[in-house]
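Structural overview for review
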Amino acid sequence: MSGPRGLQLGDGRLRMVPWRGDATTAYLTLARGRLSEGAIDRCIQQLSSNGFRAALTAALAGPEQVPFLAAGFSVHERLHLLTRPVDPLPHVPPPRAGRLCRA
């Protein structure tokens, strides 16, 4: 498989590429829509016929996970998102020329 490939599955679309250059593991990203368990099963069959032995997905929201879990996928890692307010940071003046800082 050379480069990303798209697969239309009902009203959904998956993008497939080898995972980090491993030609036996497919990395699937949901490009559009929702997929049924049957659509995911068809995708897995196609991956198998293309020589893949495993597949993993990009991070999926709860509702997006349901058909993948029903098709035999399992949670591999939990995603931890970082957040911070976008309020301006307090102004810290730059050090003045000629002054030395000591540790």
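Definitions and limits used
- Residues numbered from 1 in each chain as written.
- Predicted model: local features only at pLDDT ≥ 70, side-chain atom pairs only at ≥ 80, totals over all residues.
- Heavy atoms only, no water.
- Phe/Tyr/Trp six-rings, centres within 6.5 Å; stacked < 30°, edge-to-face > 60°.
- Buried < 20%, exposed > 50% of the residue type's maximum accessible area, 1.4 Å probe, protein only.
- Helix = DSSP H or I, 4+ residues; strand = E, 2+ residues; numbered from the N terminus.
- Contact = heavy atoms within 4.5 Å.
- Core = buried A, V, L, I, M, F, W, Y, C linked by side-chain atoms within 4.5 Å.
- Polar contact = N/O pair within 3.5 Å; in protein donor to acceptor, adjacent residues only side chain to side chain.
- pLDDT = per-residue confidence, 0-100.

Turning our attention to the packing of aromatic side chains. One pass over the structure, following the stated rule, counts two aromatic pairs. Seen from their ring centres, Trp-19 and Tyr-27 are 5.1 Å apart, and the 45° between their planes marks the pair as tilted. You can call Trp-19 partly exposed: its relative accessible area is 29%. According to the relative accessible area criterion, Tyr-27 is partly exposed, its value standing at 22%.

By secondary structure assignment, the location of Thr-29 is in strand E3 (residues 22-32). The exposure class of Thr-29 is buried, given its relative accessible area of 18%. Leave out the neighbours within four places in its chain, and Thr-29 touches Arg-13, Leu-14, Arg-15 and Ala-58.

A separate point is the nonpolar core. Residues Leu-14, Leu-28, Ile-40, Cys-43, Leu-47 and Phe-68 are the most contacted members of the largest nonpolar core, which totals 13 residues. Counting residues per element, the ones that place at least two in this core are strand E2 (12-19), E3 and helix H1 (37-49). Among the elements that line this core, the one with the most residues is H1, at three residues.

Turning to the side chain of Thr-25, a few remarks are in order. Summarising the element assignment, Thr-25 is placed in strand E3. Judged by relative accessible area, Thr-25 falls into the buried class, the value being 13%. Among the polar contacts listed, one links the side chain of Thr-25 to the side chain of Asp-22, at a separation of 3.1 Å.

Take the confidence of the model for the protein next. The share of residues in the protein with pLDDT of 70 or more is 80%, and the mean pLDDT across the chain is 81. Taken element by element, the predicted model of the protein shows its lowest mean pLDDT in strand E1 (residues 5-9) (57) and its highest in strand E4 (residues 54-57) (94).

The next thing to look at is unusual backbone geometry. With a phi close to 50°, Arg-20 is a non-glycine residue in the positive phi region. With respect to the helices and strands, Arg-20 occurs in the loop between E2 and E3.

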